Amino acid sequence: SEPRGSWDGKVVELVRSLQELGLHPVLVAKDPECLFLDKVARLTGGSFFGSEHSFHELWPLFRGASFLVSGHYHYVIAAASVGCPFIPMSVNNRKMQGVCIHLEWQRTEPFDITDLGSCMPEIVLEARGLMRDREALSAALSSRTERLCAESGRNALRVRELAQSAQKNAGAGATSWTRSFSDGG
């Protein structure tokens, strides 16, 4: 969500620090509370990927990115699914931590987005590491997301089997009860 106070200063400072690594920032915002990133993109000479784009356009964007910095776990999941390393951010929300743990990511404790000033040097250091190790990290993420997709498929089949079994058993119970009742029993 939109930072309070001098948000433009710290977010702009982070983007500029990442630009010093030779990167062109693309700021992504679909949610209304994050549209302030359009202004950050304009202030830093970056690009803005907003609501005029479709969600499906994110995959090629993430596939070609050096890494993603985000506090939105849906973006992290999409990026990870195409092998894009990421720097997790959060605002006192355990969802991002859960995603990091589930993806077996190297960093499971997200950076606090409300305290960019003090964690910015560590974020930049993390970005350098992601750029250096991108190929290996990308392969690990792709492998992990493939395993998770296969596991999800197996789980979906199991849930369907359980639902069908429960429906069948409920139907049998209703039939027995109906028979009992109509027989006067």
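Since we're looking at a predicted model, the values are computed, not measured.

### Describing the layout of surface pockets
Then, number 1: A volume near 1,100 Å³ is recorded for the largest pocket.
Then, number 2: Forming the walls of the largest pocket are 41 residues, and the residues nearest its centre are Val 28, Leu 68, Val 69, Ser 70 and Gly 71.
Then, number 3: Here the lining of the largest pocket gets five residues from one element, more than from any other, and that element is helix 1 (residues 7–19).
Then, number 4: Residues of the lining of the largest pocket, tallied by class, amount to 27 nonpolar, eleven polar and three charged.

### Looking at unusual backbone geometry
Then, number 1: For Glu 104, which is not a glycine, the phi torsion comes out positive at approximately 55°.
Then, number 2: Tracing the sequence through the fold places Glu 104 in the loop between helix 5 (94–102) and strand 5 (111–112).
Then, number 3: You can call Glu 104 exposed: its relative accessible area is 53%.

### A few points about helix 6 (residues 116–132)
Then, number 1: In a regular helix each residue adds 1.5 Å, so 17 residues correspond to 24 Å; helix 6 covers 23 Å between its end C-alpha atoms and thus fits that length.
Then, number 2: Maximal helix bending in helix 6 amounts to about 25°, located at Glu 122.
Then, number 3: Here helix 6 has its buried residues at Leu 116, Cys 119, Met 120, Ile 123, Val 124, Glu 126, Ala 127, Gly 129 and Leu 130.

### Thoughts on the packing of aromatic side chains
Then, number 1: Applying the stated criterion across every chain, the model contains three aromatic pairs.
Then, number 2: Judged by centre distance (5.1 Å) and plane angle (85°), the ring pair of Phe 55 and Trp 59 falls under edge-to-face.
Then, number 3: Phe 55 gets classed as partly exposed once you look at its relative accessible area, which sits at 37%.
Then, number 4: By relative accessible area, Trp 59 is classed as partly exposed at 25%.
Then, number 5: Where Phe 86 meets Trp 105, the ring centres are 4.5 Å apart and the plane angle is 20°; that geometry is what we call stacked.

What counts, and at which threshold
- Per chain, the residues get numbers from 1 upward, laid out in the order the sequence is written.
- With the structure being a predicted model, the display of local features is reserved for residues of pLDDT at least 70 and the display and counting of side-chain atom pairs for 80 or more, all residues being used for whole-chain, interface and lining totals.
- Side-chain figures throughout are based on the complete set of non-hydrogen atoms in the structure, without hydrogens or water.
- Only protein atoms enter the 1 Å grid used here. Points where a 1.4 Å probe fits but cannot escape make up a cavity, open sets with protein on both sides within 12 Å along at least five of seven lines make up a pocket, and a residue lines them when an atom lies within 4 Å of a point.
- Grid points are joined across faces, edges and corners, and a volume is the space filled by probe spheres set on the points.
- Here a helix means four or more residues in a row that DSSP labels H or I, a strand means two or more in a row labelled E, and each is numbered from the N terminus.
- Side-chain classes follow a simple rule in which Ala, Val, Leu, Ile, Met, Phe, Trp, Tyr, Cys and Pro form the nonpolar group, Asp, Glu, Lys and Arg form the charged group, and the remainder, Gly included, forms the polar group.
- Only protein chains enter the accessibility calculation, which uses a 1.4 Å probe; a residue whose area is less than 20% of its type maximum is buried, one above 50% is exposed, and one in between is partly exposed.
- Each residue after the first adds 1.5 Å to the expected span of a helix.
- Fitting axes to the seven residues ending at a residue and to the seven starting there, one defines the bend at that residue as the angle between these axes.
- The rule is short: rings of Phe, Tyr and Trp, with Trp giving its six-membered ring, pair when the centres are within 6.5 Å, and they are stacked under 30 degrees, edge-to-face over 60, tilted in between.

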